[in-house]
Amino acid sequence: MRVPTHNKAPTHNEVPTHNEAPTHNGLPTQKHPPPAQGARALQWRIAASLAVVAGLALGGAALSDAGVSREAIAQLMKQSFGERGEARLDRLDQSDLQRICSDYTGRELPRELREGLEKAALDAVKYPSDGRYLGDFKAGERIAQSGVGMQFSDAPGTVAGGNCYACHQISKEELAYGNIGPSLYQYGKLRGNSEPILRYTWARIYNAHAFGACNSMPRFGAAGILTEQQMRDVMALLLDPQSPVNR
Ligand code: HEC
């Protein structure tokens, strides 16, 4: 049994203004993982710098609710984090979609804009090259359990897991799971595995933004978190009739 690394989704209405955390399990990377005292010092430093940039930003164009410009916040973020291991600073750069989602924090995206973003995400989905959607559900279970990969503490080249249980109930045997996403228990039993279901589920895992422009599920294919074979394996976990999910 594994304890999920967090039970709260990174959301785009937290500062920093992005809708995926720098690491896909929600832990931004700090230069020096500080002990309690260091953490307090860091908070002070951030508070002090924010006060300074707030002063500098007065009169600037786009100010956030706190009166700080987006550029000032971005710069502060870049100064506050360091590159280490797999975690590079380019994670702080927002995609166009993330920037739009940040701009609409707490508000509905206008329908046309939302549909355009979702369509672009769906059009860019790469379906399995050999037409095989289902791999090995046992490997899929291991991938769904694993929150390893893409973190500052991982050696470069570490194969990433999906950390699906951090947000979803999946098989019944695993009791430690998050509930940010819906339960996927009996996913295949309830939906079958017709071609449209296979394609929908693949696309959903590949790039969740295709089905909800600003939703918080990581883009496992589009962001290069999982390989095509790993995608097949988690697909099998959800859809293979022999998988514990469907029995
Ligand atoms: C950070 C949280 C998070 C993680 C990690 C995550 N998901 Fe999700 N997932 C969600 C949310 C939230 C939704 C619902 C989104 C919505 O309402 O549009 C969702 C929806 C889904 C759906 C669609 C469910 C349906 O009823 O159609 C599938 C399938 C899915 N996730 C599979 C996975 C798999 C497989 C993994 C791991 C490889 C995973 N998710 C990891 C948050 C997450």
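Residues numbered from 1 in each chain as written. Predicted model: local features only at pLDDT ≥ 70, side-chain atom pairs only at ≥ 80, totals over all residues.

(A) Layout of the overall build of the chain. What the chain contains, in helices and strands, is eight helices and zero strands. Going from N to C terminus, the chain has its helices and strands arranged as α-α-α-α-α-α-α-α. Here the chain, with 247 residues, has 34% of them falling under the buried criterion. Contacts spanning at least 24 positions in sequence make up 63% of the contacts within the chain whose residues lie at least 6 apart. (Helix = DSSP H or I, 4+ residues; strand = E, 2+ residues; numbered from the N terminus. Buried ≥ 20, exposed ≤ 12 C-beta atoms within 10 Å, placed from the backbone. Contact = placed C-beta atoms within 7 Å.)

(B) Fine view of the packing of helix α7 (residues 195–206) against helix α8 (residues 228–239). Orientation of α7 relative to α8, taken along the N-to-C sense of each, is 125°, at an axis distance of 11 Å. On the basis of their axis angle, the class for α7 and α8 is oblique. Along this stretch, α7 crosses α8, giving a crossing that reads as right-handed. Residues Leu-198, Thr-201, Trp-202, Ile-205 and Tyr-206 of α7 form the contact with α8, whose own contacting residues are Met-231, Val-234, Met-235, Leu-238 and Leu-239. (Axes fitted to C-alpha atoms, helices over the stretch in contact; angles between N-to-C directions. Parallel < 35°, antiparallel > 145°, perpendicular 65-115°, else oblique. Left-handed = near helix turned anticlockwise from the far one by under 90°.)

(C) Examining the site of the ligand more closely. Residues in close proximity to the ligand total 23 residues, the closest being Gly-162, Cys-164, Cys-167, Gly-181 and Gly-212. Among the elements that line the shell around the ligand, the one with the most residues is α7, at three residues. (Near = placed C-beta within 6 Å.)

(D) Local environment of the environment of Lys-138. Following the sequence through the fold, Lys-138 ends up in helix α5 (residues 137–145). With 15 C-beta atoms packed within 10 Å, Lys-138 lands in the partly exposed category. Distance in space between the C-alpha atoms of Lys-138 and Leu-237 is 7.1 Å, their sequence separation being 99 residues.

(E) Structural view of the nonpolar core. Formed by 28 residues in total, the largest nonpolar core has its most connected members in Met-231, Val-234, Met-235, Leu-237 and Leu-238. Counting only elements with at least two residues in this core, the list comes to α5, α7 and α8. With seven residues, the single largest contributor to this core is α8. Other than its neighbours up to four places away in sequence, Met-235 contacts Tyr-133, Leu-134, Gly-135, Thr-201 and Trp-202. With eight residues, the next largest nonpolar core counts Cys-101, Ala-210, Cys-214 and Met-217 among its residues. (Core = buried A, V, L, I, M, F, W, Y, C linked by C-beta atoms within 7 Å.)

(F) Structural detail: α5. Residues of α5 that are buried include every one of Phe-137, Gly-140, Glu-141, Ile-143, Ala-144 and Gln-145, and no others. In this structure, the buried residues of α5 make contact with α8.

(G) Structural view of the confidence of the model for the chain. Across the chain, pLDDT averages 80, with 73% of residues at or above 70. Counted against residues more than four places away or in other chains, residues 1–38, with its pLDDT under 50, gives 90 contacts. Note on residues 44–61: pLDDT under 50 across the span, and 17 contacts to partners over four residues away in sequence or across chains. (pLDDT = per-residue confidence, 0-100.)

(H) Summary view of the environment of Ala-176. When you line up the elements, Ala-176 lands in the loop between α5 and α6 (187–191). Classification of Ala-176 by C-beta neighbours within 10 Å gives exposed; the count is 12. C-alpha of Ala-176 to C-alpha of Gln-145: the two residues are 31 residues apart in sequence and 10.0 Å apart in space.

(I) How the structure looks around unusual backbone geometry. A positive phi angle, close to 70°, is found at Met-150, a residue other than glycine. Position of Met-150 relative to the elements: it lies in the loop between α5 and α6.

(J) Inspection of the environment of Phe-81 at higher detail. Among the secondary structure elements, Phe-81 is positioned in the loop between α2 (70–80) and α3 (96–103). Counting along the chain gives 11 residues from Phe-81 to Leu-92, while the straight-line C-alpha distance between them is 9.4 Å.

(K) Examining the packing of α5 against α8 more closely. Interhelical geometry of α5 versus α8 gives an angle of 100° and a closest axis separation of 7 Å. By the angle class used here, α5 and α8 are roughly perpendicular. Where α5 approaches α8, its residues Phe-137, Ala-139, Gly-140, Glu-141, Ile-143 and Ala-144 are matched on the opposing element by Gln-230, Asp-233, Val-234, Ala-236 and Leu-237. A per-class count over the contact of α5 with α8 returns seven nonpolar, two polar and two charged. (Nonpolar A, V, L, I, M, F, W, Y, C, P; charged D, E, K, R; others polar.)

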